[in-house]
Amino acid sequence: PAAGAGSAAMPLWDFQGSTMVTSQYVRLTPDERSREGSIWNRVPCFLKDWELHVHFKIHGAGKKNLHGDGLALWYTQERLVPGPVFGSKDNFHGLAIFLDTYPNDEATERVFPYISAMVNNGSLTYDHSKDGRWTELAGCTADLRNQNHDTFLAVRYSRGRLTVMTDVEDRNEWKNCIDIAGVQLPTGYFFGASAGTGDLSDNHDIISMKLFQLMVEHPLEDETVDWTKIEPSVSLLKSPKDNVDDPTGNFRSGPLTGWKVFLLLLCALLGIIVCAVVGAVVFQKRQERNKRFY
């Protein structure tokens, strides 16, 4: 993206908002309040299997929990539409990867910065007050802010599997963050990146975005599919909205219902009875053995 400079047009890229292009990086937002900016590729992606590598830097003068809000990477139908989701449109169609640096939900047990993934068919709204927890597919904690070394993120989509990896610890190796099967993404969408600040701020810089085609064999029936007509979706056993927060970055099942409590208590009671019977048998055998010894 840094092929242009200043306000000059960049080949194959458009930008809007507070975005500033330099010869070394694209700054989506400066370390100032109430800014938003984005950068979008002009060419739709028609690859079925791809991997995106992003070299980025999030930094600023703010100390612990006094910085925000974060950066988002997009593969969506819409492009260059400003909005409330890290500087871009809500109710989007496609995939978003959020690098959230500020916990808006004070009750959360997550450790920030936090990376999460969301797939949307236009019907879902990103809830900033809950840090997108109700629509999140999966996520992980990553210490990616104010690092003195390079920080990278990789997004891989292949045969319906979405994988997100990080390299933010200066180890020159990928660390798994998100791995989800059953993801359906159409071709013909656009790649982009956006960032936003509110009362708190940070510099959000994109140093490079590199897209690679993955050479993967597909079943013969895939050749008859019109990949541009696929609706973004995820084949989950349950809706993301049925999940509750987990500090590990994964989801556990929702609140216990009456039946669940009853079954849990019944299993506990049976367990106690079994332990008591086993204990009694063991104690009796020991007593008999002691008598024989004496």
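Conventions we followed
Residues numbered from 1 in each chain as written. Predicted model: local features only at pLDDT ≥ 70, side-chain atom pairs only at ≥ 80, totals over all residues. Heavy atoms only, no water. Phe/Tyr/Trp six-rings, centres within 6.5 Å; stacked < 30°, edge-to-face > 60°. Helix = DSSP H or I, 4+ residues; strand = E, 2+ residues; numbered from the N terminus. Buried < 20%, exposed > 50% of the residue type's maximum accessible area, 1.4 Å probe, protein only. Pairing = 2+ DSSP bridges. Disulfide = S-S within 2.5 Å. pLDDT = per-residue confidence, 0-100. Contact = heavy atoms within 4.5 Å.

Caption draft 1: Structural context of the packing of aromatic side chains. Counted by the stated rule, this structure contains 11 aromatic pairs. Aromatic side chains Tyr 75 and Phe 191 sit 4.8 Å apart centroid to centroid with 40° between the ring planes, which places their arrangement in the tilted category. Here the residue Tyr 75 occupies a position in strand 6 (residues 70–76), and Phe 191 occupies one in strand 14 (residues 190–196), the gap between them amounting to 116 residues. Using a relative accessible area of 7% as the deciding quantity, one classes Phe 191 as buried. Between Phe 86 and Phe 98, the aromatic rings sit 5.3 Å apart at their centres with planes inclined by 25°, giving stacked as the arrangement.

Caption draft 2: Geometry of the sheet that holds strand 10 (residues 151–158). Read across the open sheet, the seven strands follow the order 2-3-15-5-10-11-12; overall the sheet is antiparallel. Of all strands in the sheet, those bounded by a partner on one side alone are strand 2 (20–21) and strand 12 (175–180). Summarising the sheet, strand 11 (residues 161–167) and strand 12 pair through five bridges and their orientation is antiparallel. Directly across from Thr 166, in strand 12, lies its bridge partner Lys 175.

Caption draft 3: Expanded view of the state of the cysteines. Using the criterion set out here, one finds one disulfide in the structure. Across the disulfide from Cys 140 sits Cys 177; the S-S distance is 2.0 Å. In this structure the cystine formed by Cys 140 and Cys 177 twists about its S-S bond by roughly -105°; its chirality is therefore left-handed. Of this pair, Cys 140 sits in strand 9 (residues 138–141) while Cys 177 sits in strand 12, and the two are 37 residues apart along the sequence. Like Cys 177, Cys 140 is buried.

Caption draft 4: Structural detail: the pairing of strand 15 (residues 203–213). Bridge count between strand 3 (residues 26–29) and strand 15: three bridges; the pairing is antiparallel. Following the sheet pairing, Arg 27 is matched in strand 15 by Asp 205. Examined bridge by bridge, strand 5 (residues 50–59) and strand 15 share 10 bridges and lie antiparallel to one another. Residue pairing for strand 15: His 59 is matched across the bridge by Asn 203.

Caption draft 5: Local environment of the confidence of the model for the protein chain. Per-residue confidence for the protein chain gives a mean pLDDT of 87; residues scoring 70 or more make up 86%. When the criterion is pLDDT under 50, residues 237–257 qualifies, and its contacts beyond four places in sequence or with other chains add up to 37 contacts.

Caption draft 6: Focus on the pairing of strand 11. Among the seven residues that make up strand 11, six are buried, leaving the element largely enclosed by the rest of the structure. Inspection of the sheet shows strand 10 paired to strand 11 by seven bridges, in the antiparallel sense. The residue of strand 11 that forms the bridge with Arg 156 is Thr 163. The antiparallel pairing of strand 10 with strand 11 creates a hairpin that spans two residues between the two strands, and Arg 159 there sits at a positive phi of about 50°.

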